[in-house]
Amino acid sequence: MPARPRTRSEKTTLSLDAIVAATLALVDELGCAAVSMRRVSQAVQTGPASLYVYVPDRGTLMALALDLAVADVRLPTDSDGDWRARLELLVDRSVTALAAHNDIATVGMTGALPGPHSLRITEELLRLLRTGGISDAACAWAADLIGQYIASSALEEREKEEEAFAARLDTLYRSLPAGRYPTIRALGPLLTGGDGATRAAWKLRVLIDGLLAGA
């Protein structure tokens, strides 16, 4: 009786796409720090060594997971307004996409090379900046600055206890001795006031205004 061929029935079909999807799912569940090659291999029902056929190291895998996180970001169109309105919308959609995946935005702060989905966003971001009259030299640095803004905003937005934190911070400010921290005491309500969306919009507006002033 011939031997039955080995199959991966009831297992995840092993491929780079499946490995990256499993990695992002683990980030959603556990956070970036807890995602190891061993955990990913368990998620796709294989051994850790098998992953290295597809990626050279964990850093590359995490960079691919970051890129997958922004795969569905829709680029604004002419119907969304002028270049500035489209830029703000592109940034907002990028923040929302990253914030939906726990702390995946931290990967972008550690020197990860961008993938095709991230490059698509960067291409449109640079194009919009040039359309707005920003010089090429300023565009190059602005892309980096806006990228940092997107990552930090995504991390702020994902915090589940943002309101609780603001309340604790407000309590701390009110407890400070006015003689030693007079300015913090005076501005305390403003330092913790405003909802996240309003504060984020203000930050982005100031950033773009600064670029235009330089232009």
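Overview of the structure. Predicted model, so just to flag it, every value in this text is computed and none were measured.

Looking at the second largest pocket, its volume works out to about 610 Å³. Forming the boundary of the second largest pocket are 24 residues, of which Gly108, Pro114, Ser118, Thr122 and Gly147 lie nearest the centre. Elements with a contribution of two residues or more to the lining of the second largest pocket: helix H4 (58–69), helix H5 (83–99), helix H6 (116–131) and helix H7 (136–158). By residue number, the principal contributor to the lining of the second largest pocket is H7, which donates six residues. For the lining of the second largest pocket, a count of residues per class yields 15 nonpolar, seven polar and two charged.

Among the structural elements, Arg86 can be located in helix H5. With relative accessibility at 10%, the residue Arg86 sits in the buried group. Among residues more than four places away in sequence, those in contact with Arg86 are Pro76, Thr77, Asp78, Asp80, Gly81, Arg127 and Leu128.

Where H6 contacts H7, the axes come no closer than 10 Å and their chain directions differ by 135°. With respect to H7, the axis of H6 lies oblique. The chirality of how H6 crosses H7 is right-handed. Where H6 abuts H7, its residues Leu125, Leu126, Leu129 and Arg130 lie against Asp136, Cys139, Ala142, Ala143 and Ile146. Residue composition of the contact of H6 with H7, grouped by class: seven nonpolar, no polar and two charged.

In a pair of packed helices, the angle between the axes and the distance between the axes together describe the arrangement. Here H5 crosses helix H10 (residues 196–214) at 135°, and the two axes come no closer than 11 Å. In terms of orientation, H5 and H10 fall into the oblique class. Read as a crossing pair, H5 and H10 show a hand that is right-handed. Listed contacts from H10 to Trp83, Arg84, Leu87, Glu88 and Val91 of H5 are Leu204, Arg205, Ile208, Asp209 and Leu212. Tallied by class, the residues present in the contact of H5 with H10 amount to six nonpolar, no polar and four charged.

Reading guide: rules and limits
Residues numbered from 1 in each chain as written. Predicted model: local features only at pLDDT ≥ 70, side-chain atom pairs only at ≥ 80, totals over all residues. Heavy atoms only, no water. 1 Å grid on protein atoms, 1.4 Å probe; cavity = no way out; pocket = protein on both sides within 12 Å on 5 of 7 lines; lining within 4 Å. Points joined across faces, edges and corners; volume = space filled by probe spheres on them. Helix = DSSP H or I, 4+ residues; strand = E, 2+ residues; numbered from the N terminus. Nonpolar A, V, L, I, M, F, W, Y, C, P; charged D, E, K, R; others polar. Buried < 20%, exposed > 50% of the residue type's maximum accessible area, 1.4 Å probe, protein only. Contact = heavy atoms within 4.5 Å. Axes fitted to C-alpha atoms, helices over the stretch in contact; angles between N-to-C directions. Parallel < 35°, antiparallel > 145°, perpendicular 65-115°, else oblique. Left-handed = near helix turned anticlockwise from the far one by under 90°.

None of the figures reported here should be taken as evidence of function without further support.
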